[in-house]
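# Geometric and topological summary
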Amino acid sequence: MTLVLVVDDVAAMAEQYAYDLKRIGGYDVVTADEGEKALELLKSAAVDCMILDLEMPGMDGFEVLRSLERQGDEVPVIVYTGTGNYQRCIEAVRLGAYGFIDKAEPMERVIREIETVLERRRLRDEVAVLQRRLGAESSLVGNSAALQRLRESMTRVARIPSPVLIVGESGSGKELVARDLHRAGTERHAPFVAINSAALPETLLESELFGHERGAFTGASTTRKGAFEAAGRGTLFLDEIGELPLAAQAKLLRVLEQRQVTRLGSNHPIAVEARVLAATNRDLEAEVAAGRFRQDLYYRLSVHVLRVPPLRERLSDVADLSSHFLATICERFGMRPKKLSGDALQVLMGYDWSRNNVRELRNVIERMIIAADGDVLRPEHVPLEIQEQSRGMATAAGDRSFQALRAEAERQIVVAALDRNDWHVTRTAEELGLADHASLLKIMRRLNVRKEGRTGLD
Ligand SMILES: Nc1ncnc2c1ncn2[C@@H]1O[C@H](COP(=O)(O)OP(=O)(O)OP(=O)(O)O)[C@@H](O)[C@H]1O
Ligand SMILES: [Mg+2]
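So, how was this worked out
- Residue positions within a chain follow its written sequence, with the count starting from 1.
- Whichever chain is written first becomes A and whichever ligand is written first becomes 1, with later ones labelled in order.
- Only residues with pLDDT of at least 70 are given local features in this predicted model, and only at 80 or more are side-chain atom pairs given and counted; all residues enter the totals for whole chains, interfaces and linings.
- With hydrogens and water set aside, each side-chain value is computed from the structure's full complement of heavy atoms.
- To qualify as a helix, a DSSP run of H or I must reach at least 4 residues; to qualify as a strand, a run of E must reach at least 2; elements of each kind are numbered from the N terminus.
- Note on method: radius of gyration uses C-alpha positions; expected globular size equals 2.2 Å times residues raised to 0.38.
- The criterion used for residue contact is that any of the two residues' heavy atoms lie within 4.5 Å.
- In short, Shrake-Rupley with a 1.4 Å probe defines the accessible areas, and a residue's cover is counted only from the protein chains shown.
- In this tally Asp and Glu are treated as negative and Lys and Arg as positive; neither His nor the chain ends contributes.
- Note that the charge is assigned to NZ on lysines, CZ on arginines, CG on aspartates and CD on glutamates.
- The criterion for a residue being near a molecule or strand is simple. One of its heavy atoms has to lie within 4 Å of it.
- We call two N or O atoms a polar contact when they sit within 3.5 Å, provided that within protein one can donate a hydrogen and the other can accept it, with sequence-adjacent residues counted only if both atoms are side-chain atoms.
- Gly is put with the polar residues, along with every residue not named as nonpolar or charged; the nonpolar set is Ala, Val, Leu, Ile, Met, Phe, Trp, Tyr, Cys and Pro, and the charged set is Asp, Glu, Lys and Arg.
- Per the annotation, domain bounds derive from an automatic or database assignment of domains.
- The rule for pairing is simple: two strands pair if DSSP sees at least two bridges between them.
- Simply put, an axis is a line fit to the C-alpha atoms, just over the touching stretch for a helix, and the angle between two N-to-C directions goes from 0 to 180 degrees.

## Looking at the overall build of the protein
Tallying secondary structure elements over the protein gives 19 helices and 16 strands in all. By the compact-globule yardstick of 23 Å for 458 residues, the protein is too spread out, its C-alpha radius of gyration being 30 Å. Over its C-alpha atoms, taken along the principal directions, the protein stretches across nearly 85 × 75 × 35 Å. Contacts spanning at least 24 positions in sequence make up 70% of the contacts within the protein whose residues lie at least 6 apart. Counting every atom, the protein has about 23,300 Å² of accessible surface; 50% of that belongs to carbon and sulfur. A distance of 5 Å separates the average location of the 62 positive side-chain charges in the protein from that of its 69 negative side-chain charges.

## Thoughts on the site of ligand 1
Looking at ligand 1, there are 18 residues lining it, with Val141, Gly171, Lys174, Arg359 and Arg362 nearest. Here Val141 contributes a backbone N or O atom positioned 2.8 Å from a nitrogen atom of ligand 1. Contact between ligand 1 and Arg359: an oxygen atom at 2.9 Å from a side-chain N or O atom of the residue. Protein chains bury 88% of the 620 Å² of accessible surface belonging to ligand 1 in isolation. Breaking the shell around ligand 1 down by element, the ones donating at least two residues are helix H7 (174-184), helix H13 (317-332) and helix H15 (357-371). Split by residue class, the shell around ligand 1 holds 6 nonpolar, 6 polar and 6 charged. Here the shell around ligand 1 gathers at least three residues from each of two domains, domain 2 (145-309) and domain 3 (312-454).

## Considerations on the sheet that holds strand E13 (residues 275-280)
Reading across the sheet, the 5 strands line up as E7-E10-E13-E6-E14 and stay open at both edges, with parallel pairing between neighbours. Looking at which strands have only one partner, the edges of the open sheet turn out to be strand E7 (192-196) and strand E14 (305-307). Within the sheet, the average angular offset between the axes of one strand and its neighbour, ignoring direction, is 20°. As judged from the 4 bridges shared by strand E10 (residues 235-239) and E13, these two strands associate in the parallel manner.

## Considerations on the environment of Leu52
In this structure, Leu52 sits in strand E3 (residues 49-53). In this structure, the C-alpha to C-alpha distance between Leu52 and Tyr86, residues 34 residues apart in sequence, is 15 Å. Sequence-distant contacts of Leu52, that is, excluding residues within four places in its chain, are made with Val7, Gly61, Val64, Leu65, Val77, Ile78, Val79 and Tyr80.

Spelled out as C-alpha cells, the structure:
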C-alpha cells in the first residue's frame with residue numbers, strides 16, 4: 001500500500017487533500033501541519049511520497065527539503081504552492097523536489113504526478129540493484145599469490161594513459177581485468193567501449209573502429225562515429241587483437257602513433273583521447289614471427305603487459321571463485337543459496353581447467369547447482385568428465401616452480417582441513433598436529449587464507 005504524507009500549515013487543506021487522495025487515488029494518507037512534525041513522522045512511517053507546502057510559517061518547505069538532504073533521506077517530494085510563483089517551484093526542484101503542482105489543480109492531475117514519482121523511484125531502485133549486481137559480478141575474485149601479483153601490476157598501470165596488453169588463456173578473465181582497469185582509472189565515469197576483432201567482418205571492423213562519413217562506401221547511408229570517438233576520454237577495449245586483419249593493424253598503428261583518428265571517407269582528423277587496452281589469448285610473438293601480426297604494432301601495444309594466470313596456476317582460487325559463482329548463480333536463479341562440500345571442492349581443485357579456465361569453472365558450478373536437489377553440492381554432482389580427469393591430476397605438476405607449487409599445496413591442505421572442521425581454528429590445528437591455534441593462524445596469514453573468504457563453503 002502506498003503511503004502519502006501531506007504537509008500543510010492549513011490543517012483543513014491537508015485534510016481535504018488526504019480525503020481526496022484516499023478516495024480517488026486509493027492511497028493511505030497521513031498529514032502534518034508543521035515542517036518539524038513532517039520530519040518527525042518520516043522517522044517512524046515508511047512514507048512513499050510527500051506532498052509539501054512551500055509556504056508555511058516557521059520551518060517552510062525549503063527548510064524541510066534542506067533537512068531531508070542533510071539527513072540523506074530520499075523520500076520523493078512533490079511541492080505545491082498556492083501563490084502561482086513558479087520561480088520558487090523551480091528553486092525547490094533544485095533542492096531535490098521531484099516535481100511541483102498548483103494547489104488549484106484537479107486531484108486527477110495530482111495523482112498522475114504521484115504515480116510518475118513512484119514510477120521514477122521504482123526505476124531508480126531497480127537500476128541501483130542492477131548496478132550492485134554488475135559490480136558484484138565483475139570484480140576479480142581470488143586471493144592466490146598469482147592473482148595478488150596481477151592486482152599489484154594492475155594498480156601500477158591503472159592510471160597511466162599508455163596502451164596495456166592483457167594476455168591470458170581463454171576464459172581466464174582478461175575482459176574482467178580490462179573492466180577493472182577502467183574502473184580504477186582516472187576516467188571511470190567515461191565510456192568503456194569494447195570491440196571484438198574476431199566477431200566482425202573486415203569491412204565493418206574498420207568502420208566500427210574509425211567511423212565513416214556518409215557515402216564512404218556502399219551502404220554507408222549515414223555518418224557514424226567510430227569506437228575511438230565513442231570512447232571519448234574513457235577506455236577502448238580491443239578484444240582478440242590477434243585476430244585483427246593486417247590492413248586494420250596498419251591503420252590502428254597510425255591512430256595510436258598520431259593520437260588522432262580519421263573517419264573512413266573523411267580527411268578531417270579527430271584527436272583521440274581514449275586509453276587503449278588490448279587483449280589476446282594468442283602468442284602474439286609467434287604471430288609476429290609467422291607474419292600475421294605487425295611487429296611495430298606489437299611493440300606499441302606491449303610496452304605494458306598484464307598476464308592473467310591460468311586457473312591451474314592458482315588452484316587455491318577455486319575455493320573463492322566457487323563460492324562467488326554459487327552465490328551469484330543461485331541469486332540469479334532465485335534459489336536458496338547452496339553450498340559446496342569440502343570433498344567436492346577437492347575434486348574441483350584437482351582438475352586443471354585448461355580448456356576454458358574460470359569460465360569453465362563457472363559453467364561447471366552452474367551445472368552442479370542444477371544437478372543437486374539438496375542444498376549441498378557433493379562430489380557426485382561434479383560432471384563426470386571432470387571427476388575422471390581430476391583423479392589423474394594429482395601428480396602432474398607441470399613446470400611450475402617448487403615454491404609456487406608448495407604454497408599452492410599448503411593452501412589446499414589448510415583450506416581443506418578448515419573446511420572439514422567447519423572453520424574452527426583450534427579443532428583444525430589439532431587435526432593438523434600443530435602446537436596450538438596461534439600456529440595455524442600464523443600459517444593462514446602467510447598463505448592468505450581468511451575466514452571471511454569462506455561464504456557459502458561451509
Ligand atoms: N577472477 C575472477 N573472478 C570472478 N569472475 C571471473 C574471474 N575471472 C574470470 N571470471 C569470469 O569468467 C568468465 C570469463 O572471463 P572473461 O570473459 O573475462 O575471460 P577472457 O579471458 O576474456 O576469455 P576469452 O579469451 O574467451 O575472451 C566471465 O564470466 C568472468 O566474469
Ligand atoms: Mg574475452
